[in-house]
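Close look at the chain arrangement
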Amino acid sequence: RPQMQLLARLIALTALASVSHGFTISSVPIGLRGCHGQRLAQARIRNAALCCRAAAEGPGTYALNVNLYVKEERREEFLKCILENQRGTMTDEPLAVLYDFGESDTERNTFHFQEQYLGREGFEAHTKAPHFAKWEEFASTDPFTKPPEVLFFKLQR
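Residues numbered from 1 in each chain as written. Predicted model: local features only at pLDDT ≥ 70, side-chain atom pairs only at ≥ 80, totals over all residues. Heavy atoms only, no water.

Topic: the packing of aromatic side chains
Taken as a whole, this structure holds 12 aromatic pairs when the rule is applied. Consider the rings of Phe78 and Phe111, whose centres lie 4.8 Å apart with planes at 45°: the pair is tilted. Here Phe78, found in helix α4 (residues 75–92), pairs with Phe111, found in strand β3 (residues 110–118); they are 33 residues apart in sequence, far enough to count as distant. Taken together, the aromatic side chains of Phe78, Tyr99, Phe101, Phe111, Phe113, Trp135, Phe138 and Phe144 make up a single cluster linked through ring pairs. Against the face of Tyr69 rests Lys146, its NZ or CZ located 4.3 Å from the ring centre. (Phe/Tyr/Trp six-rings, centres within 6.5 Å; stacked < 30°, edge-to-face > 60°. Helix = DSSP H or I, 4+ residues; strand = E, 2+ residues; numbered from the N terminus. Lys NZ or Arg CZ within 6 Å of the ring centre and 35° of its normal.)

Rendered as structure tokens:
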């Protein structure tokens, strides 16, 4: 896992260098193809470069951290829905920079999210996307053991 994180950071730096020199990114290292799929990996590269550019000259990066507490009996349905939301966010939303999540090491069914968008406009566009509507539909069916915790902030670079 640390090797994949290091590889992802290296790819983001390569993307920034490529974009700043006018090159096009068209392929993904084989090691990432099985991880999230080639399309998702390409979206991450493109969005990392956009994030760096936005931090330097654009609206900045609007971010949120989310904690979700999922009922055991809704776990598989939750995971399917959230993976579809992640895929849609990273492949269909040009203002999405990052959409990552993971499960707590100490509390089963407790999930932590980190999302980043180019400006608040990017987040607002996310909330209007079809995959987000599916997430909202799922979230309205009482799948949580306690209310979600959401923290919004603007990244300081």
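There is more to say, and it comes next.
Let's talk about helix α6 (residues 130–139)
Within α6, burial applies to His131, Phe132, Trp135 and Phe138. Burial along α6 is one-sided: seen end-on, the buried residues are contained in an arc of 115°. Residues Pro130 and Glu137 are exposed on α6 and point more than 90 degrees away from its buried face. Those residues of α6 that are buried are in contact with β1 (61–70), α4, α5 (119–126) and β4 (144–154). (Buried < 20%, exposed > 50% of the residue type's maximum accessible area, 1.4 Å probe, protein only. Arc of directions from axis to C-beta. Contact = heavy atoms within 4.5 Å.)

Regarding the confidence of the model for the chain
Averaged over every residue, the pLDDT of the chain is 79; residues scoring 70 or more account for 63%. A low-confidence stretch, residues 1–6 stays under pLDDT 50, and its non-local contacts, those more than four residues away or across chains, total three contacts. Across residues 15–35, confidence stays below pLDDT 50; counting only partners more than four residues off in sequence or on other chains, it has 27 contacts. (pLDDT = per-residue confidence, 0-100.)

Thoughts on unusual backbone geometry
Phi is positive for Asn109, which is not a glycine, with a value near 70°. Examined against the element boundaries, Asn109 turns out to sit in the loop between β2 (96–103) and β3.

Considerations on the nonpolar core
With 20 residues, the main nonpolar core has Leu68, Phe78, Phe113 and Trp135 as its most contacted residues. Apart from residues no more than four positions distant in its own chain, Phe113 is found in contact with Leu64, Asn65, Val66, Leu68, Phe78, Ile82, Tyr99, Asp100 and Phe101. (Core = buried A, V, L, I, M, F, W, Y, C linked by side-chain atoms within 4.5 Å.)

Describing the pattern of salt bridges
Tallied over the full model, the rule gives six salt bridges. Here Arg108 makes a salt bridge to Glu72, at a shortest N to O gap of 3.0 Å. In this pair, Arg108 sits in the loop between β2 and β3 while Glu72 sits in the loop between β1 and α4, placing the two residues 36 residues apart along the sequence. Owing to a relative accessible area of 53%, Arg108 belongs among the exposed residues under this scheme. Ionic pairing is found between Glu124 and Arg120, a salt bridge with its closest N-O pair at 3.1 Å. A residue pair is termed a helical-turn pair when its members lie 3 or 4 positions apart in one helix, as Glu124 and Arg120 do in helix α5 at four residues. Among the residues examined, Arg120 registers a relative accessible area of 43% and is labelled partly exposed. One salt-bridge network, held together by shared partners, links Arg75, Glu76 and Glu103. (Salt bridge = Lys/Arg side-chain N within 4 Å of Asp/Glu carboxyl O.)

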